[in-house]
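# An overview of the molecular structure
Given next are the chains, with one letter for each unit.
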Amino acid sequence: MGISSALGADSTAKFAVKEVENGARFILHPGDISYARGHAYVWEQWHGLIESYARRVPYMVGIGNHEQDHTTGGDKDPSKAPGTGFHPSWGNFGDDSGGECGVPMYRRFHMPDNGNAVWWYSFDYGNVHITMMSSEHNFTRGSAQYEWLQNDFKSVDRSVTPWLILAGHRPMYSSERYPSDYKVCEGMQAAFEDLLMQYKVDLAIWGHYHSYERTCPVYKNECNPAGTTHIVIGSAGASLDDVGLYDKTWSKFFDTEFGYGRISVHNRSSLLWEYIRNKDGLVHDNVLLQKLTCRASVSSLADTSKGVHFVQTLTIIQTGR
């Protein structure tokens, strides 16, 4: 998100205030928070930007590459990642934090204490279970995070919280033509997409790319009604992407405008996702997830929230690479 002006972060912050005034229960921001990258004063400016709404509702954060990634100074990393952190052969994990190594995030935010502080954790709200993961730490099979993620999914009582949402920074699915980032998408798919299918994750929310994209319910690069719907909502503040797209049948909507997302949980069988552009405040994409027998069906809507009573509302703000 950062502290950009005009239609970027300033505009997103103003819309967030309106969302809270209209009943939003909390904000979810998975990574690339202030873009301070070692300049502490930027953190202060960013906190000032969000203060008007973050003091009224919980502001739930996750770690991004610009808060965590480092190639030196690993002994200062409070996440206790070994060595200089996660640098798989197929990844492009560099030193994007500017030497922060996750320290300001750890000192400034306290998240639920059932995982690894701000890096991975989960919580319930109403009939939704939300799992926050770190795309900047080892998530491959056998790692501490993989084991925690599997156990967290396994522990969810779907009779109590029928909706299961995963959030993280780098996406598992994006069709943008950034070859090194796309390799990371493939690495994530190989590492733990089977967990999403096994535990019937309904929705996955990501950032990193400075754009918006929605997939069909997808599994192993094919639309599958039993799969997970993936959302990239990385357009809250930082400069927007301007590249081509890979031709992917699972990509159902793509946009490069500043904006944010909203989740409205109607009940245990109906959940509405909406994407709102900052420049006009209108919904430009939406999808209704409906649980029928044992899995969700997906319907795109021509209209949005008219006549619908929202039991719970979540506003999702995040930005990217």
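Read on for an overview of the structure. Residue positions are given per chain, counted from 1 along the sequence in the order it is written. A pLDDT threshold of at least 70 governs which residues receive local features in this predicted model, and a stricter bar of 80 or more applies before side-chain atom pairs are shown or counted, although totals over entire chains, interfaces and linings include all residues. Note: side-chain values were computed over all heavy atoms of the structure, leaving out hydrogens and water.

## Focus: unusual backbone geometry
Positioned with a positive phi, Arg 37 is a non-glycine residue whose angle comes to about 50°. Strands are runs of DSSP state E lasting at least 2 residues, helices are runs of H or I lasting at least 4, and numbering of each runs from the N terminus. Tracing the chain through its elements places Arg 37 in the loop between strand E1 (26-30) and helix H2 (40-54). Relative accessibility under 20% of the residue-type maximum defines a buried residue, over 50% an exposed one, and the middle range a partly exposed one, all with a 1.4 Å probe and only protein chains included. Residue Arg 37 is classed as partly exposed on the basis of its relative accessible area of 38%. Phi at Cys 101 is positive, roughly 55°, even though this residue is not glycine. The topology assignment puts Cys 101 in the loop between helix H3 (65-68) and helix H4 (103-108).

## Some words on the pattern of salt bridges
For side chains of opposite charge, pairing can occur when their charged atoms come near one another. The working definition used for a salt bridge is a side-chain nitrogen of Lys or Arg within 4 Å of a carboxyl oxygen of Asp or Glu. Taken as a whole and judged by the stated rule, the model has 13 salt bridges. Residue Arg 158 pairs with Asp 202 through a salt bridge whose shortest N-O separation is 3.0 Å. Linking Arg 158 in the loop between helix H5 (144-155) and strand E5 (163-167) with Asp 202 in the loop between helix H6 (179-198) and strand E6 (203-206), this pair joins segments that are 44 residues apart in sequence. Its salt-bridge partner being Asp 181, residue Arg 170 comes within 3.8 Å of it at the nearest N-O pair. Here the residue Arg 170 occupies a position in the loop between E5 and H6, and Asp 181 occupies one in helix H6, the gap between them amounting to 11 residues. Each of the two residues, Arg 170 as well as Asp 181, counts as buried.

## Considering the side chain of Asp 285
Looking at the element boundaries, Asp 285 is found in strand E13 (residues 283-291). Overall, Asp 285 belongs to the buried group, its relative accessible area being 6%. Each polar contact in these results corresponds to two N or O atoms within 3.5 Å; when the atoms are within protein, one needs to be able to donate a hydrogen and the other to accept it, and residues that are neighboring in sequence are counted only if both atoms are side-chain atoms. A distance of 2.7 Å separates polar atoms of two side chains, one belonging to Asp 285 and the other to Arg 214. Only heavy atoms matter for contacts: two residues are in contact if any of them lie within 4.5 Å across the pair. Look past the residues within four positions of Asp 285 in its chain and what remains in contact with it is Tyr 212, Arg 214, Phe 253, Trp 273, Glu 274 and Tyr 275.

## Considering the state of the cysteines
Criterion for a disulfide: a pair of cysteine sulfur atoms within 2.5 Å. Inspection of the entire model under this criterion finds 1 disulfide. Shown here is the disulfide that connects Cys 216 with Cys 223, its sulfur atoms set 2.1 Å apart. Here Cys 216 and Cys 223 share a disulfide; its torsion about the S-S bond, -95°, makes the bridge left-handed. Left unpaired, Cys 185 is separated from the closest cysteine sulfur, that of Cys 216, by 15 Å.

## So, the pairing of E1
Counting buried residues along E1, 5 of its 5 residues qualify, which places the element largely inside the surrounding structure. Alternating residues of E1 divide into Phe 26, Leu 28 and Pro 30 and Ile 27 and His 29, and every residue in both groups is buried. At least two DSSP bridges between two strands are required for those strands to pair. Pairing analysis gives 4 bridges linking E1 to strand E2 (residues 59-62), with the strands arranged parallel. Across the sheet, residue Pro 30 finds its bridge partner in E2, namely Gly 62. Note on handedness: a crossover is taken as right-handed if, strands pointing away from the viewer, the path from the first strand over the helix to the second is clockwise. At this point the chain moves from E1, through H2, to the parallel E2, and the crossover so formed is right-handed.

## Digging into the nonpolar core
Nonpolar core, defined: a set of buried Ala, Val, Leu, Ile, Met, Phe, Trp, Tyr and Cys residues in which side-chain atoms within 4.5 Å join the residues together. One finds Met 1, Tyr 53, Phe 153, Leu 166, Phe 192, Trp 206 and Trp 273 to be the most contacted residues of the largest nonpolar core, which totals 81 residues. Here the element with the most residues in this core is H6; it accounts for 8 residues.

## Focus: the packing of aromatic side chains
Two aromatic rings, drawn from Phe, Tyr or Trp (for Trp, its six-membered ring), form a pair once their centres lie within 6.5 Å of each other, and the interplanar angle then sorts them: stacked below 30 degrees, edge-to-face above 60, tilted otherwise. Following the criterion strictly, the structure yields 22 aromatic pairs and no others. Counting every residue linked through ring pairs, the aromatic cluster contains Trp 43, Trp 46, Tyr 53, Tyr 59 and Phe 109. One residue, Lys 18, lies across the ring of Phe 15, its end atom 5.4 Å from the ring centre. Both a distance and an angle decide whether a charge sits over a ring: NZ of Lys or CZ of Arg must be within 6 Å of the ring centre and within 35 degrees of the ring normal. A cation over a ring is seen here: Lys 291 above Trp 163, with NZ or CZ 4.6 Å from the ring centre.

## Examining the side chain of Thr 12
Its place among the elements puts Thr 12 in helix H1 (residues 9-21). Separated by 2.9 Å, the side chains of Thr 12 and Asn 278 make a polar contact.

## What to know about the packing of H5 against H6
The axes used here are C-alpha line fits, helices contributing only the stretch in contact, and every angle between their N-to-C directions lies in the interval 0 to 180 degrees. In contact at an axis separation of 10 Å, H5 and H6 are set at 10° when each is read in the N-to-C sense. With respect to each other, H5 and H6 are oriented roughly parallel. Touching Tyr 146, Leu 149, Gln 150 and Phe 153 of H5 are Ala 191, Phe 192, Leu 195 and Leu 196, all from H6. Here the contact of H5 with H6 is built from residues that sort into 7 nonpolar, 1 polar and no charged. Note that the term roughly parallel is reserved for angles under 35 degrees, roughly antiparallel for angles over 145, roughly perpendicular for angles of 65 to 115, and oblique for everything else. Put simply, Ala, Val, Leu, Ile, Met, Phe, Trp, Tyr, Cys and Pro go in the nonpolar bin, Asp, Glu, Lys and Arg in the charged bin, and everything else, Gly too, in the polar bin.

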